[in-house]
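# Structural characterization, general
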Amino acid sequence: MVKEILAKPEYSREDLLYFMKLTDNQQLQLLYDAAHEMKKTHVGKKAYYRGLIEFSNICTKDCFYCGIRKSSPQERYSMSRDEILEMALWAHENKYGSVTIQSGERQDAEFTGFVADLISEIKAKTNGELAMTLCLGEQPREVYEDWFNRGAQRYLLRMETSNKTLYQSLHPPTANHSYETRVECLKTLKNVGFQVGTGVMIGLPGQTPEDLVDDIIFYKKHDIDMIGMGPYIVHKDTPMGQQVIATGQDTPDARAQRFTYGLKMIALTRLYLKDVNIAATTALQALHPMGRELGLKAGANILMPIITLREYRRKYQLYDDKPCIDDDPSHCKNCLTGRVESIGDTVGFGEWGDPPHFILRRGV
Ligand code: SAH
Ligand code: SF4
């Protein structure tokens, strides 16, 4: 059955669901191998680095799952322009194709202006050679346009889940946590000209295999270029983390299952969308010591090494036990490069690694 479905040129929702519910390890391996083959055909066996700069944990939102939500007791920080610049230049010197600039969500003019200046300065200081991905939440169209015009090429805004009811259960019922706004923002980002990335959390309480399959179909429907998704991981000081712990849903078995769903999502997204970029995220690594290698072997082609200065890493804990918080950027680089090479892939040093999907889309 697995081989028959894999041989089809296009998969139906039922096919995706069949794989999503599959538990036999040997059969799952066939799925991962097929996705690795598909990656070779459409994007090559090369992993690209996006150095992750987590420059501030100040956030105006209160997502129930997140360790830096507004109501969390976490001590706050914002890096200075010079500190961020130092990390971006380090990424450039170390031949990372791009950086991802991430923080909590703020829409005030001080914040959006700070980011705008930063984009211009990184562009100038790296001769436009370092690609920039922004991961700074929902913003008005003018702000997205300004950031794009200054030289940021990519934007990552995770949908978190495409199921509206589930989305609402993850967020407070206030105007700044609206499902519709999130979808609108994805459309605006595409109109503005960004390479658009989205993704979901996998293994959320109440999430079904059907929801996950519908997330993959959502990516296709919205013509997404890049996917960044990973398992949901408990943060014990959050409302969702506490509920998951209290209801016995954070056992080793439950974590292992979330990890397997994470790999299945990567493989099925690769097989269904083919020519997009897909990240093997840090959250995968948090649940399994070989998480990122297994992600690459299941079809992912992007890694996001954290290059945040070590002194800030402990304060940017979206979830508990985040890996690499005691490492420094050069250690992360060597460690990851070893991991990539251990599975026979290579690192695309000094290359942007744009997704072929975007190149084709832009060419039309
Ligand atoms: N504030 C921005 C970017 C920072 S959060 C935004 O929300 O878009 C980046 C991502 O971290 C979120 O999209 C979410 O998917 C992920 N995240 C937050 N808490 C998490 C948790 N407990 N487990 C796994 N991923 C989490
Ligand atoms: Fe803020 Fe993003 Fe965390 Fe939500 S997920 S609380 S927007 S940092």
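Report follows, based on the coordinates. Not measured: the values here are computed from a predicted model.

## With respect to the overall build of the chain
On a plain count of helices and strands, the chain comes out with 16 helices and 10 strands. For the chain, the spread of C-alpha atoms along the principal axes amounts to about 55 × 45 × 40 Å. Taking all 364 residues of the chain together, 60% fall into the buried category. Taking the intrachain contacts of the chain between residues at least 6 apart in sequence as the baseline, contacts between residues at least 24 apart amount to 76%.

## What to know about the pairing of strand E3 (residues 131-135)
With 5 of 5 residues buried, E3 lies mostly within the body of the structure. Alternating residues of E3 divide into Ala-131, Thr-133 and Cys-135 and Met-132 and Leu-134, and every residue in both groups is buried. As paired elements, strand E2 (residues 98-103) and E3 share 5 bridges and run parallel to each other. In the strand pairing of E3, Thr-100 is matched with Thr-133. In terms of handedness, the path from E2 via helix H5 (residues 109-125) over to E3 forms a crossover that is right-handed. Pairing analysis gives 2 bridges linking E3 to strand E4 (residues 154-156), with the strands arranged parallel. By the bridge assignment for E4, Thr-133 is matched with Arg-154.

## Observations regarding the pairing of strand E8 (residues 277-280)
Where burial is concerned, the two faces of E8 agree: the one with Asn-277 and Ala-279 and the one with Ile-278 and Ala-280 are both buried. Sheet topology places strand E7 (residues 226-231) next to E8; 4 bridges connect them, and they run parallel. Within the sheet, the bridge partner assigned to Gly-228 lies in E8 and is Ala-279. Pairing between E8 and strand E9 (residues 302-303): 2 bridges, direction parallel. Looking across to E9, one finds that Ala-279 is bridged to Ile-302.

## Structural notes on the site of ligand 2
In the neighbourhood of ligand 2, the contacting residues comprise Cys-59, Lys-61, Cys-63, Tyr-65, Cys-66, Ile-68, Arg-69 and Gly-104. The cavity where ligand 2 resides is the largest cavity. Here the shell around ligand 2 is built from residues that sort into 5 nonpolar, 1 polar and 2 charged.

## Notes on empty space enclosed by the protein
This structure, assessed with the given rule, holds 3 cavities of 30 Å³ or more. The space that makes up the largest cavity amounts to roughly 800 Å³. Taken together, 38 residues form the lining of the largest cavity, with Gln-102, Cys-135, Arg-158, Glu-160 and Leu-318 sitting closest to its centre. Within the residue set of the lining of the largest cavity, elements represented by two or more residues are strand E1 (46-56), E2, E7 and helix H12 (282-287). Ranked by the residues each element gives to the lining of the largest cavity, the list is headed by E7, at 3 residues. Residues belonging to the lining of the largest cavity are distributed by class as follows: 20 nonpolar, 9 polar and 9 charged. By volume, the second largest cavity amounts to about 120 Å³. If you trace the second largest cavity, you find it lined by Arg-50, Thr-100, Thr-133, Leu-156, Met-226, Ile-227, Gly-228, Asn-277, Ile-278, Ala-279, Ile-302 and Met-304. Counting residues per element, the ones that place at least two in the lining of the second largest cavity are E7 and E8. The residue makeup of the lining of the second largest cavity, split by class, is 7 nonpolar, 4 polar and 1 charged.

## Brief notes about the layout of surface pockets
In this model, the largest pocket occupies a volume close to 230 Å³. In terms of lining residues, the largest pocket is bounded by 14 residues, among which Gly-203, Leu-204, Gln-207, Gln-257 and Arg-258 are the most central. Listing elements by their share of the lining of the largest pocket, those giving two or more residues are helix H9 (209-221) and helix H11 (252-273). At 4 residues, the largest contribution of residues to the lining of the largest pocket is made by H11.

## Observations concerning the nonpolar core
With 107 residues, the main nonpolar core has Leu-31, Phe-55, Trp-147, Tyr-155, Ile-216, Tyr-219 and Met-265 as its most contacted residues. In this structure Phe-55 touches Tyr-77, Ser-78, Met-79, Ile-84, Ile-101, Gln-102, Ser-103, Phe-111, Phe-114, Val-115 and Leu-136, once residues within four positions along its chain are discounted. Listed in part, the 8 residues of the second largest apolar core include Tyr-48, Cys-135, Leu-156 and Ile-306.

## A closer look at the pattern of salt bridges
Per the counting criterion, the structure on display carries 31 salt bridges. Two residues, Lys-8 and Asp-15, come together in a salt bridge whose shortest N-O distance is 3.0 Å. For Lys-8, a relative accessible area of 37% corresponds to the partly exposed category. Using a relative accessible area of 7% as the deciding quantity, one classes Asp-15 as buried. Put simply, Glu-160 and Arg-182 hold a salt bridge, and the shortest N to O gap is 3.5 Å. Of this pair, Glu-160 sits in the loop between E4 and helix H7 (164-170) while Arg-182 is found in helix H8 (residues 179-192), placing the two residues 22 residues apart along the sequence.

## A few points about the site of ligand 1
In the vicinity of ligand 1 there are 17 residues, among which Tyr-65, Ser-103, Arg-158, Glu-160 and Ile-233 approach most closely. Here a nitrogen atom of ligand 1 sits 3.1 Å away from a polar atom, N or O, in the main chain of Ser-103. Contact between ligand 1 and Ile-233: a nitrogen atom at 2.7 Å from a main-chain N or O atom of the residue. Protein contacts shield 93% of the accessible area of ligand 1, which totals 540 Å² for the unbound molecule. Placement of ligand 1 is best described as lying within the largest cavity. The residue inventory of the shell around ligand 1, partitioned by class, reads 10 nonpolar, 3 polar and 4 charged.

Definitions and cut-offs
Residues numbered from 1 in each chain as written. Chains lettered and ligands numbered in written order. Predicted model: local features only at pLDDT ≥ 70, side-chain atom pairs only at ≥ 80, totals over all residues. Heavy atoms only, no water. Helix = DSSP H or I, 4+ residues; strand = E, 2+ residues; numbered from the N terminus. Buried < 20%, exposed > 50% of the residue type's maximum accessible area, 1.4 Å probe, protein only. Contact = heavy atoms within 4.5 Å. Pairing = 2+ DSSP bridges. Right-handed = clockwise from strand over helix to strand, strands pointing away. Near = heavy atom within 4 Å. 1 Å grid on protein atoms, 1.4 Å probe; cavity = no way out; pocket = protein on both sides within 12 Å on 5 of 7 lines; lining within 4 Å. Sits in = over half its atoms within 2 Å of the grid points. Nonpolar A, V, L, I, M, F, W, Y, C, P; charged D, E, K, R; others polar. Points joined across faces, edges and corners; volume = space filled by probe spheres on them. Core = buried A, V, L, I, M, F, W, Y, C linked by side-chain atoms within 4.5 Å. Salt bridge = Lys/Arg side-chain N within 4 Å of Asp/Glu carboxyl O. Polar contact = N/O pair within 3.5 Å; in protein donor to acceptor, adjacent residues only side chain to side chain. Areas by Shrake-Rupley, 256 points an atom, 1.4 Å probe, with all protein chains shown as cover.

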